[in-house]
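Chains, contacts and geometry: an overview
One-letter residues, chain by chain:
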Amino acid sequence: MIKFLRDGPWRQSEKVNEPLEGSVEADVAIVGAGVTGLSTALELTERGLGVVVLERKWVGAGASGVNAGHQASAVHEQLKMVRRHAGEHAIRQYVALLNEALAYMNDYVDRYEIDCGHRRTGSLIAGTSEKHKAKVRKLTDTVRELGGRVRYVDEDEMRERDLPVAFNCAMWGEGGTFDPYRYVNGIRKVAEPKGVRL
């Protein structure tokens, strides 16, 4: 169980690069070969910079390779708390960032033809009782007003979509599922031939 929690269900036999010996010169050095490190390295390399990525273990050894594999733009009820404490401008920036992050990943998967089992199924926050209907509708309206790409799904549509009968409504947004380990290693397969050194 500990190994499963540490490595996640996705990880396969990892390719480990030779350890760095001596010194290496680069325009930019990035520490960490996760999604952030490798996508940044790829972007900078495509702009003509020499980039080296330093990783203590292997590509996707951290959260980038062992997360749940959910891609979602829908934000949850804690949005109201963040809005109270961070302010209107900050929360609108947060929602815009969620939209941008979703589009960014979709673009990466399409542009570089990354084989990571990406399925654009959407994402939802569902209700299970009559009192949840008004609550979920209000949440949906709030997120939409802040710029979120979501809509309210009523009970009839839930049944049409063949979703579990325990759910009677939902806030539906863009999103999907993917294999995170294959995604981060897919970025690696694009980055290394372009000159990123790992």
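Notes on the structure in this doc start here. (Residues numbered from 1 in each chain as written. Predicted model: local features only at pLDDT ≥ 70, side-chain atom pairs only at ≥ 80, totals over all residues. Heavy atoms only, no water.)

**Concerning the layout of surface pockets**
Note the threshold: Method remark: on a 1 Å grid restricted to protein atoms, a set of points is classed as a cavity if a 1.4 Å probe fits but cannot get out and as a pocket if it is open with protein on both sides within 12 Å along at least five of seven lines; lining residues have an atom within 4 Å of a point. Grid points are joined across faces, edges and corners, and a volume is the space filled by probe spheres set on the points. Only DSSP runs of H or I with at least four residues qualify as helices, and only runs of E with at least two residues qualify as strands; both kinds are numbered from the N terminus onward. Note on residue categories: nonpolar means Ala, Val, Leu, Ile, Met, Phe, Trp, Tyr, Cys or Pro, charged means Asp, Glu, Lys or Arg, and polar means any other residue, Gly included.
In this model, the largest pocket occupies a volume close to 540 Å³. If you trace the largest pocket, you find 19 residues lining it, with V35, A101, L102, Y104 and M105 closest to the centre. Of all the secondary structure elements, the ones that give two or more residues to the lining of the largest pocket are α2 (35-46), β3 (70-72) and α5 (88-111). When grouped by side-chain class, the residues that make up the lining of the largest pocket number 10 nonpolar, 7 polar and 2 charged.

**Section: the packing of aromatic side chains**
Note the threshold: The rule is short: rings of Phe, Tyr and Trp, with Trp giving its six-membered ring, pair when the centres are within 6.5 Å, and they are stacked under 30 degrees, edge-to-face over 60, tilted in between. Burial here depends on accessible area, computed with a 1.4 Å probe over protein chains only, as a share of the maximum for the residue type. Under 20% is buried, over 50% is exposed, and the range in between is partly exposed.
Applying the stated rule across the entire model yields 3 aromatic pairs. Ring geometry for Y104 against Y108: centres 5.0 Å apart, planes inclined by 25°, an arrangement best described as stacked. Residue Y104 and its partner Y108 are both found in helix α5; the two are separated by 4 residues, about one turn of the helix. For Y104, a relative accessible area of 36% translates into the label partly exposed. The class of Y108 is buried, set by a relative accessible area of 0%.

**Concerning the pairing of strand β1 (residues 28-31)**
Applicable threshold: For two strands to be treated as a pair, DSSP must find at least two bridges joining them. When the strands point away from the viewer, a crossover counts as right-handed if the route from the first strand across the helix to the second turns clockwise.
Of the strand pairs in this sheet, β1 and strand β2 (residues 51-54) are connected by 4 bridges, and their pairing is parallel. Within the sheet, the bridge partner assigned to V28 lies in β2 and is V51. With α2 bridging β1 and its parallel neighbour β2, the resulting β-α-β unit is right-handed.

**Focus: the nonpolar core**
Rules: To qualify as a nonpolar core, a set must consist of buried Ala, Val, Leu, Ile, Met, Phe, Trp, Tyr and Cys residues joined through side-chain atoms within 4.5 Å. Residue contacts follow a heavy-atom distance rule, with two residues in contact if any of their heavy atoms lie within 4.5 Å.
Within the largest apolar cluster, 21 residues are counted, with the highest numbers of intra-cluster contacts made by L38, L42, V53, Y108, I114, Y183 and I187. Residue assignment for this core shows that the elements contributing at least two residues are α2, β2, α5 and α8 (180-191). It is α8 that contributes the most residues to this core, 5 residues altogether. In contact with Y183, not counting residues within four places along its chain, are V35, M105, Y108, V109, I114, C116 and F178.

**Section: the sheet that holds strand β4 (residues 123-127)**
The following threshold applies: Lines fitted to the C-alpha atoms define the axes, with helices restricted to the stretch that makes contact. Angles between their N-to-C directions range from 0 to 180 degrees.
Taken together, 3 strands build an open sheet; the order of strands is β4-β6-β5 and the sheet is antiparallel. The open sheet has two edge strands, β4 and β5 (150-153), and neither has a second partner. Between one strand axis and the next, the sheet turns through 20° on average, direction left out of account. Relative to strand β6 (residues 169-173), β5 runs antiparallel, the two being bridged by 4 bridges. Paired with V150 across the bridge in β6 is G173. Of the strands in this sheet, β4, β5 and β6 are in contact with helix α6 (residues 130-145), which crosses β5 at around 160°.

**Observations regarding the side chain of T45**
By the secondary structure assignment, T45 is in helix α2. The residues touching T45, leaving out its near neighbours within four places in the chain, are V51, K194, G195 and V196.

**Observations concerning the pattern of salt bridges**
Going by this rule: Criterion for a salt bridge: a side-chain nitrogen of Lys or Arg within 4 Å of a carboxyl oxygen of Asp or Glu.
Counted under the stated rule, the structure contains 17 salt bridges. In this structure, R47 and E43 form a salt bridge, with 3.9 Å as the shortest nitrogen-oxygen distance. Ionic pairing is found between R159 and E155, a salt bridge with its closest N-O pair at 3.9 Å. Note that R159 and E155 are positioned in helix α7 (residues 155-160) at a spacing of 4 residues, about one turn of the helix.

**So, the environment of Y183**
Topologically, Y183 is positioned in helix α8. On the accessibility criterion, Y183 (5% relative accessible area) is buried. Separated by 65 residues in the primary sequence, Y183 and H118 have C-alpha atoms spaced 8.7 Å apart.

**Here's the deal with the environment of G117**
Examined against the element boundaries, G117 turns out to sit in the loop between α5 and β4. The partly exposed category is assigned to G117, whose relative accessible area is 38%. Sequence separation of G117 and G69 is 48 residues, and the distance between their C-alpha atoms is 9.9 Å. With residues up to four places along the chain from it excluded, the contact list for G117 reads T177, F178 and R182.

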